[in-house]
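Residues per chain are reported as follows:
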Amino acid sequence: MSKDKKSILLIDDHDLILQGIKYIVDQIPEINRFCTASSGEETDKWLSNQHFDLYILDLELPDVSGFDLIDHIREKDANARIIVNTMHDEIWNISRLLQMEVSSVILKSSNIQEVKQAILTVLSGQRYFCNHFEQLQRKLKNTDTGVFPNDVLTTREMDVLQAIADGLSTNEIAELLHLSDNTIESHRKRLMLKLSARNAVDLVMIAISKGIISLKKR
């Protein structure tokens, strides 16, 4: 790791997590600046005039999805090093994080040493996944075919599913995602098969019950 001092932005709305990460960071001499944000809005204020060597974020924030925030950070900094610190180990979350190629995933059940190791490893330019995440990843991977199980949703399928839950029609979703109506219909049929849904309402209810999506407040 470079001897230059590093900066971190921690994005989490749980004070206990903020204090815990700060305690760990205080033990790492390579870091000289540690800033915090508890929402997407606060994060955007930091991003407007600051650069950080590392971002640590939760997937659940009061005003934005962690997945959307990752995309937003990368719009500002294409090479951003991002550690996701989450309590959610559902298969769709694991699959999506791997597809997004984040630098690291540590579950909130991880011990202090794992969190510290994740920070140091990512700052050195490498990727790091906590032991539990690695175990889940191995369980998901089919060693014979090298593919994930059929019920894991792709990022595009997640986009279509959320749009369906928001009440958009096929044509509206196609315009939103810059795809054809036929492509959206193909995604819709695939979603129905993967989640064993009978219709759009059933699809949304199953997705919500499994915690895959949530209805947006209007």
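Keep in mind that what you see is a predicted model, and the values were worked out from it rather than measured.

Novice: Would you take a moment to explain the overall build of the protein chain for this structure?
Specialist: On a plain count of helices and strands, the protein chain comes out with 10 helices and 6 strands. Long-range contacts, defined here as pairs at least 24 residues apart, represent 62% of the contacts in the protein chain between residues at least 6 apart. For the protein chain, the accessible surface area stands at approximately 11,900 Å², while carbon and sulfur atoms represent 48% of it.

Novice: Sorry if this is basic, but what is going on with helix α4 (residues 91-100) here?
Specialist: Counting along an α-helix, one turn takes 3.6 residues, and residues three or four places apart therefore face a common direction. Most of α4 is tucked away, with 8 of its 10 residues classed as buried. Buried within α4 we find Trp92, Asn93, Ile94, Ser95, Arg96, Leu97, Leu98 and Met100.

Novice: So what exactly am I meant to see when it comes to the sheet that holds strand β2 (residues 31-37) here?
Specialist: What the 6 strands build is an open sheet, ordered β2-β1-β3-β4-β5-β6; its pairing is parallel. Of all strands in the sheet, those bounded by a partner on one side alone are β2 and β6 (128-129). Alignment of strand β1 (residues 6-11) against β2, held across 6 bridges, turns out to be parallel. Note on β2: the bridge partner recorded for Lys6 is Ile31.

Novice: When you look at the pattern of salt bridges in this model, what are you seeing that I'm missing?
Specialist: Should the charged atoms of two oppositely charged side chains come close, the side chains can pair. Counting across every chain of the model gives 7 salt bridges. Between Asp26 and Lys22 there is a salt bridge, with its nearest N and O atoms 3.2 Å apart. With a relative accessible area of 34%, Lys22 lands in the partly exposed category. Glu157 is the salt-bridge partner of Lys194, the closest N and O atoms lying 2.8 Å from each other. Taken together, the residues Lys194 in helix α9 (residues 181-194) and Glu157 in helix α7 (residues 155-165) connect sequence positions 37 residues apart.

Novice: So what exactly am I meant to see when it comes to the packing of α7 against α9 here?
Specialist: When two helices pack together, their arrangement is captured by the angle between the axes and the distance separating the axes. Between α7 and α9, whose axes approach to 10 Å, the crossing angle comes to 90°. By the angle between their axes, α7 is roughly perpendicular relative to α9. Counting all contacts with α7, which are made through Arg156, Glu157, Val160, Leu161 and Ile164, the residues of α9 involved are Ile184, His187, Arg188, Arg190, Leu191 and Lys194. Across the contact of α7 with α9, the residue classes break down as 5 nonpolar, 1 polar and 5 charged.

Novice: What is the right way to look at the packing of aromatic side chains in this model?
Specialist: Two descriptors summarise a pair of aromatic rings, namely the distance from one centre to the other and the angle between the planes of the rings. According to the stated counting rule, one finds 3 aromatic pairs in the structure shown. Residues Trp46 and Phe52 carry aromatic rings whose centres are separated by 5.9 Å and whose planes lie at 80° to one another, so their mutual orientation is edge-to-face. Relative accessible area serves as the criterion here: at 1%, Phe52 is assigned to the buried category. Measuring from centroid to centroid gives 5.9 Å for Phe52 and Tyr55, while their planes differ by 70°, and the two rings are edge-to-face. Comparing Phe52 with Tyr55 shows no difference in burial state: the two are buried. Within the aromatic cluster, the residues linked to one another by ring pairs are Trp46, Phe52 and Tyr55.

What counts, and at which threshold
Residues numbered from 1 in each chain as written. Predicted model: local features only at pLDDT ≥ 70, side-chain atom pairs only at ≥ 80, totals over all residues. Heavy atoms only, no water. Helix = DSSP H or I, 4+ residues; strand = E, 2+ residues; numbered from the N terminus. Contact = heavy atoms within 4.5 Å. Areas by Shrake-Rupley, 256 points an atom, 1.4 Å probe, with all protein chains shown as cover. Buried < 20%, exposed > 50% of the residue type's maximum accessible area, 1.4 Å probe, protein only. Pairing = 2+ DSSP bridges. Salt bridge = Lys/Arg side-chain N within 4 Å of Asp/Glu carboxyl O. Axes fitted to C-alpha atoms, helices over the stretch in contact; angles between N-to-C directions. Parallel < 35°, antiparallel > 145°, perpendicular 65-115°, else oblique. Nonpolar A, V, L, I, M, F, W, Y, C, P; charged D, E, K, R; others polar. Phe/Tyr/Trp six-rings, centres within 6.5 Å; stacked < 30°, edge-to-face > 60°.

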